[in-house]
Amino acid sequence: METSVESSSVAEQLLAAYNGHRLDIVSQLYAENATHEDVAHGRPKVGGVAIADGLRKFLGWFPDAAWELRSIIAGQGHEVAVAYTLTGTLQMSMGPVAPRGQRISLRGIQVLKIENGKIQRSEDYWDATTFQKQLSFNTPEEKS
């Protein structure tokens, strides 16, 4: 049986892999049929490889992305919530949004269900409106 300490350890490993941009480790932390959903987008990914590929795409846009751990909250039924602040600079065109030095700083919560040392499900909650505003207006020139 998974303890909250073991689940918290897996959550910390995941955040460390995100910060190290270690897609191989991200993939390994997920169970074979695990799901990940960015709730703001509503397009779930299935399996560690697909989940890591989604992160690879994000890191292409934000190669300096960093996740600051704010807290880990143990829940019931093998679940933990990871509160984080994500920062980064848009450095590659993201659809119609061209890179102009836009910095993002987003607070979010990722809820993980962990069984047998593997992530079975992750749900990432963050504010898409704030993200869009930062991409549209958050350049160094606009801050001066």
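Structure: see above.
Residues numbered from 1 in each chain as written. Predicted model: local features only at pLDDT ≥ 70, side-chain atom pairs only at ≥ 80, totals over all residues. Heavy atoms only, no water.

*Asks:* Kindly report on unusual backbone geometry, identifying the contributing residues and their values.
*Replies:* Phi at His21 is positive, roughly 55°, even though this residue is not glycine. The topology assignment puts His21 in the loop between helix 1 (4-19) and helix 2 (23-29). You will see that Asn116, though not glycine, has its phi angle at about 55°, which is positive. As for its position among the elements, Asn116 is in the loop between strand 5 (103-115) and strand 6 (118-126). On the basis of relative accessible area, Asn116 is assigned to the exposed category, the value being 74%. (Helix = DSSP H or I, 4+ residues; strand = E, 2+ residues; numbered from the N terminus. Buried < 20%, exposed > 50% of the residue type's maximum accessible area, 1.4 Å probe, protein only.)

*Asks:* An account of helix 1 is requested, with residue identities and associated values reported.
*Replies:* Counted at 1.5 Å a residue, the expected span for helix 1 with its 16 residues is 22 Å, and the 22 Å between its end C-alpha atoms agrees. Those residues of helix 1 not exposed but buried are Ser7, Ser8, Val10, Ala11, Leu14, Leu15, Ala17 and Tyr18. Downstream of helix 1 by a residue or two, His21 has a phi angle that is positive, lying close to 55°. (Expected span 1.5 Å × (residues − 1).)

*Asks:* Mind laying out a nonpolar patch on the surface, listing which residues take part and the relevant values?
*Replies:* There is a patch of nonpolar side chains on the surface, built from Val39, Ile109 and Tyr125 and spanning about 220 Å² of accessible area. Considering the arrangement of structural elements, one finds Ile109 in strand 5. A relative accessible area of 31% places Ile109 in the partly exposed class. (Patch = residues over 30% accessible without salt bridge, like charges linked within 9 Å, V, L, I, M, F, W, Y side chains within 5 Å. Areas by Shrake-Rupley, 256 points an atom, 1.4 Å probe, with all protein chains shown as cover. Salt bridge = Lys/Arg side-chain N within 4 Å of Asp/Glu carboxyl O.)

*Asks:* Just give me the short version of the pairing of strand 5, but keep the residues and values in it.
*Replies:* Of the strand pairs in this sheet, strand 4 (residues 79-89) and strand 5 are connected by 11 bridges, and their pairing is antiparallel. Across the sheet, the residue bridging to Glu79 is Lys113, located in strand 5. With 8 bridges joining them, strand 5 and strand 6 adopt antiparallel strand pairing. Paired with Gln110 across the two strands is Asp124, which belongs to strand 6. Hairpin connection from strand 5 to strand 6: 2 residues lie between these consecutive antiparallel strands, with Asn116 at a positive phi of about 55°. (Pairing = 2+ DSSP bridges.)

*Asks:* Before we move on, can you summarise the nonpolar core with the specific residues and values?
*Replies:* Val26, Phe62 and Trp67 are the most contacted members of the largest nonpolar core, which totals 36 residues. Every element with two or more residues in this core is listed here: helix 1, helix 2, strand 1 (30-38), helix 3 (48-61), strand 4, strand 5, strand 6 and helix 4 (128-137). In contact with Phe62, not counting residues within four places along its chain, are Gly88, Thr89, Leu90, Met94, Ile104, Phe131 and Leu135. (Core = buried A, V, L, I, M, F, W, Y, C linked by side-chain atoms within 4.5 Å. Contact = heavy atoms within 4.5 Å.)

*Asks:* So what about the environment of Asp124? Which residues, and what values?
*Replies:* One can find Asp124 in strand 6. We classify Asp124 as buried; its relative accessible area is 8%. In the structure, Asp124 is positioned 17 residues away from Arg107 in sequence and 11 Å away in space, judged by C-alpha atoms. Sequence-distant contacts of Asp124, defined by excluding residues within four places in its chain, comprise His36, Glu37, Asp38, Val39, Ala40, Tyr84, Ile109 and Gln110.

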